[in-house]
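# Observations on the three-dimensional arrangement
If you want the building blocks of each chain, they are given just below.
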Amino acid sequence: MNGDRLRVARQRRAMTKKHLAEMMSVTPRTITGWEADEYPPDERHLRKLSDVLGFPVSFFDLDDTAKTMTEAVSFRSLTKKTAGQRDAVLAMCDIAKDVATWIAERFGVPTPAVPDLRDEDPIIAATLLRREWGLGNRPIKSMVHLLEAKGVRVFSLVENCREVDACSFWSDGVPFVMLNTDTSNERCRFDMAHELGHLVLHKHAAPTGRAAENEANAFASEFLMPESSVRAINVDYWSIRTLIEKKRLWNVSALALAYRLHHLGLMSEWHFKSLNIELGRRGYKSKEPDGSPKEQSDVFDTVLRVMRERGISLRFAANEMSIPEAELIGLLYGLAKVPIDGFARQAAEQRSGAHLRVVK
């Protein structure tokens, strides 16, 4: 048994070594020894580990993971989370790498094209990246398609990890973004732009904390709503109704647009605070009227379509990866339409440049 894989499975279940030891009727020192590869569990204990943690026995025989370190990940809303919740997300990142590798070995996924702009001001970085990617000042139709076309591996955070909101990290030169897809599409889009900011500005994990979050927010605002395009809109008075109407131009939330207007000096402090209060009173901070449909993954659409054409179920794919089918479904949640029977088909409304080809 590979002790590192036991660590991943235990952390995915947000279990401490003590808790797992109690479930296994062994001492915590025994769990430590198994994870450190000091000695392997016997066959009976290995089967029980599989039952308790819900991972197939074959998972514990895989090679070491490219362990995701806390300092390598840009988390959202981590300060209020427990160490167990943090470790569950880190373990989910490890599994996402396994799934990304499985897909890359069977499909021609786009090569990463995300530059390192750590020496740039966040606003300038957003402008430079838009220019490099040929976006001009046009609204971005699909953030998922754009990121995938540029080689970013986009996955969903599974159920017990979604309180983190979103996170991003680099692994062997490949950028990853993990999303809470239970939020509105407008929120997901801003989260993706925010995490993209971390990827280009903080590839080497600096700065950290509030400073990094502020920089990523500034990058996201400029990337989604370029200053020149916002200033080009001629509005005499910004009401709630006008915000709802104009937010569709950039496919952002009314609050994000109001904040952008205020930041650019196009809305007074008093006006912004008043709108902020009214948006909250109407419940628009959690659910706005005229919300846009969830963006779907072009990569997963292609992968699942080919699997369906070949009669390959998600359960079969999960078995090949030696992970529970529920883990695979969780990583696709909100980004792909996956029928219960394990055969997949998504209806991606718009195609992007992230086209895949089956590797023969």
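Our structure's up above, just so we're on the same page.
A brief look at the structure comes next. Per chain, the residues get numbers from 1 upward, laid out in the order the sequence is written. Whole-chain, interface and lining totals are the exception, using all residues; otherwise, since this is a predicted model, local features are given only for residues with pLDDT of at least 70 and side-chain atom pairs are given and counted only at 80 or more. Heavy atoms throughout the structure, all of them, feed into the side-chain values; hydrogens and water do not.

Numbering of helices and strands runs from the N terminus; a helix is a DSSP stretch of H or I covering at least four residues, while a strand is a stretch of E covering at least two. Position of A36 relative to the elements: it lies in the loop between α3 (28–35) and α4 (43–53). The rule is simple: take the accessible area with a 1.4 Å probe, protein chains only, and divide by the maximum for that residue type; under 20% is buried, over 50% is exposed, in between is partly exposed. Note on A36: relative accessible area 45%, which makes it partly exposed. With 32 residues separating them in the primary sequence, A36 and D4 have C-alpha atoms 7.4 Å apart.

A word on the state of the cysteines. The criterion for a disulfide is a pair of cysteine sulfur atoms lying within 2.5 Å. By the definition in use, this model includes 0 disulfides. With no disulfide partner, C93 has as its closest neighbouring cysteine sulfur the one in C167, 4.1 Å distant. Take C93: its relative accessible area is 0%, and that puts it in the buried class.

Quick look at empty space enclosed by the protein now. In the cavity and pocket records, a cavity denotes points on a 1 Å grid over the protein atoms alone where a 1.4 Å probe fits but cannot get out, a pocket denotes an open set with protein on both sides within 12 Å along at least 5 of 7 lines, and lining residues are residues with an atom within 4 Å of a point. Grid points are joined across faces, edges and corners, and a volume is the space filled by probe spheres set on the points. Tallied over the full model, the rule gives 3 cavities of 30 Å³ or more. In this structure, the largest cavity spans a volume of roughly 110 Å³. Lining of the largest cavity is provided by A100, I103, V109, P110, E148, V152, R153, V154, F155, V299 and F300. Every element with two or more residues in the lining of the largest cavity is listed here: α5 (83–106), β2 (153–156) and α14 (298–309). Looking at the lining of the largest cavity, the element that brings in the most residues is β2, giving 3 residues. Gly is put with the polar residues, along with every residue not named as nonpolar or charged; the nonpolar set is Ala, Val, Leu, Ile, Met, Phe, Trp, Tyr, Cys and Pro, and the charged set is Asp, Glu, Lys and Arg. In terms of residue class, the lining of the largest cavity is built from 9 nonpolar, no polar and 2 charged. Estimated volume of the second largest cavity: approximately 70 Å³. Every element with two or more residues in the lining of the second largest cavity is listed here: α5, α14, α15 (314–321) and α16 (325–332).

So, on to the packing of aromatic side chains. Aromatic rings from Phe, Tyr and Trp, taking only the six-membered ring of Trp, are treated as a pair when their centres fall within 6.5 Å; an angle between ring planes under 30 degrees marks them as stacked, one over 60 as edge-to-face, and anything in between as tilted. Taken as a whole, this structure holds 8 aromatic pairs when the rule is applied. With 6.2 Å between their ring centres and 85 degrees between their planes, W133 and F223 make a pair best called edge-to-face. One end of the pair, W133, is in the loop between α6 (122–132) and α7 (143–149); the other, F223, is in helix α9 (residues 210–224), and 90 residues separate them in sequence. Take W133: its relative accessible area is 9%, and that puts it in the buried class. An angle of 5 degrees between the planes, with centres 4.8 Å apart, marks the rings of F169 and F176 as stacked. Aromatic ring contacts, followed pair by pair, group F155, F169, F176 and F300 into a single cluster. Our definition puts a charge over a ring when NZ of Lys or CZ of Arg is within 6 Å of the ring centre and also within 35 degrees of the ring normal. It is R130 that lies over the ring of F223; its NZ or CZ is 5.5 Å from the centre. Across the ring face of W170, the terminal group of K203 is positioned such that the distance to the ring centre comes to 4.2 Å.

Burial within strand β4 (residues 174–179) is extensive, with 6 of its 6 residues counted as buried. Judged by which residues are buried, β4 turns out to be covered on both faces: V174, F176 and M178 on one side and P175, V177 and L179 on the other are all buried. Only when DSSP finds a minimum of two bridges between them are two strands counted as paired. When β2 meets β4, the two strands line up parallel, connected through 4 bridges. What sits directly across from F155, in β4, is M178. Summarising the sheet, strand β3 (residues 166–171) and β4 pair through 6 bridges and their orientation is antiparallel. Opposite F169, over in β4, you have F176 as the bridge partner. Here β3 folds back onto β4 in antiparallel fashion, the turn holding 2 residues, of which D172 has a positive phi close to 50 degrees.

Side chains of D37, D61, D63 and D64 sit close together on the surface and give a patch of like negative charge. In this structure, D64 sits in the loop between α4 and β1 (73–75). Using a relative accessible area of 53% as the deciding quantity, one classes D64 as exposed. Here a patch means residues that are over 30% exposed by relative accessible area and free of salt bridges, tied together within 9 Å if like-charged and within 5 Å if nonpolar (Val, Leu, Ile, Met, Phe, Trp, Tyr). Here, Shrake-Rupley sampling with a 1.4 Å probe gives the accessible areas, and only protein chains in the shown set may cover a residue. Whenever a carboxyl oxygen of Asp or Glu lies within 4 Å of a side-chain nitrogen of Lys or Arg, that contact is scored as a salt bridge. Counting rule applied: Lys, Arg positive; Asp, Glu negative; His and chain ends not counted. A charge is said to be at NZ when it belongs to Lys, at CZ for Arg, at CG for Asp and at CD for Glu.

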